[in-house]
Amino acid sequence: MAHPVMFRDGDPGLAELRRVALGFPEAFEKISHGRPVFCAPKMFAVYGGASKATGTMVRYPHALLVKVDESERRALEQDRRFFSPMYLGPSGWLGMDFDAAEVDWDEVHELIDASFRLIAPQRLIRSLDGP
């Protein structure tokens, strides 16, 4: 059985998130588990998520999920905008709730850039950095 679609194209921030994520080398979007997922070729960003960190499921329909470097994790977890997403959290991913505060798109770009560099093949990272 296919997952239900859990977003709308008009969702807050999705168009800008697409612009940022699809700007990375060989990035493409697909729908996985009902959500927009950005890959190159592996997944480096997801729109929307949920958390069970408190024991109760909390949905974050307008959020960015990214892989974070362990050296950054503790600082980000102290920020109320961030949460540990179900399923991906144990693998080093964090979510940023777009509804928790005004979105700083420069910060979003930095988070996606860092996630891309942790996930993408070295040849794509080299192309991102230039000659």
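Residues numbered from 1 in each chain as written. Predicted model: local features only at pLDDT ≥ 70, side-chain atom pairs only at ≥ 80, totals over all residues. Heavy atoms only, no water.

### Quick word on the pattern of salt bridges
Okay, step 1: Applying the stated criterion to the full structure yields 11 salt bridges.
Okay, step 2: Among the salt bridges present, the one from Glu-16 reaches Arg-19, with a minimum N-O distance of 2.6 Å. Of this pair, Glu-16 and Arg-19 both sit in helix H1 (residues 14-21), 3 residues apart, roughly one helical turn.
Okay, step 3: What makes Glu-16 partly exposed here is its relative accessible area of 26%. (Salt bridge = Lys/Arg side-chain N within 4 Å of Asp/Glu carboxyl O. Helix = DSSP H or I, 4+ residues; strand = E, 2+ residues; numbered from the N terminus. Buried < 20%, exposed > 50% of the residue type's maximum accessible area, 1.4 Å probe, protein only.)

### Details of the packing of aromatic side chains
Okay, step 1: Summed over all chains, the structure comprises 6 aromatic pairs.
Okay, step 2: Ring centres 6.4 Å apart and planes at 55 degrees place the aromatic pair Tyr-47 and Phe-98 in the tilted group. Taken together, the residues span a long stretch of sequence, with Tyr-47 in strand S3 (residues 43-51) and Phe-98 in the loop between strand S6 (93-97) and helix H3 (105-119) at a distance of 51 residues.
Okay, step 3: With relative accessibility at 0%, the residue Tyr-47 sits in the buried group.
Okay, step 4: Both rings, one in Phe-98 and one in Trp-105, keep their centres 5.4 Å apart while their planes meet at 70 degrees; by these two values the pair is edge-to-face. (Phe/Tyr/Trp six-rings, centres within 6.5 Å; stacked < 30°, edge-to-face > 60°.)

### Re unusual backbone geometry
Okay, step 1: With an omega of -20 degrees, the peptide bond between Ala-40 and Pro-41 qualifies as cis.
Okay, step 2: Mapping Pro-41 onto the fold places it in the loop between strand S2 (35-39) and S3.
Okay, step 3: Its identity is not glycine, yet Glu-26 carries a phi of approximately 60 degrees, on the positive side.
Okay, step 4: Locating Glu-26 in the fold gives a position in the loop between H1 and strand S1 (28-32).
Okay, step 5: Look at His-33: it is not a glycine, yet its phi comes out positive at around 55 degrees.

### Quick notes on the sheet that holds S6
Okay, step 1: The strand order across the open sheet formed by 6 strands is S1-S2-S3-S4-S6-S5, and the pairing between neighbours is antiparallel. Edge positions in the sheet fall to S1 and strand S5 (82-83), since each of these pairs with one other strand and no more.
Okay, step 2: As paired strands, S5 and S6 are joined by 2 bridges and run antiparallel to one another. Paired with Phe-82 across the two strands is Met-96, which belongs to S6. (Pairing = 2+ DSSP bridges.)

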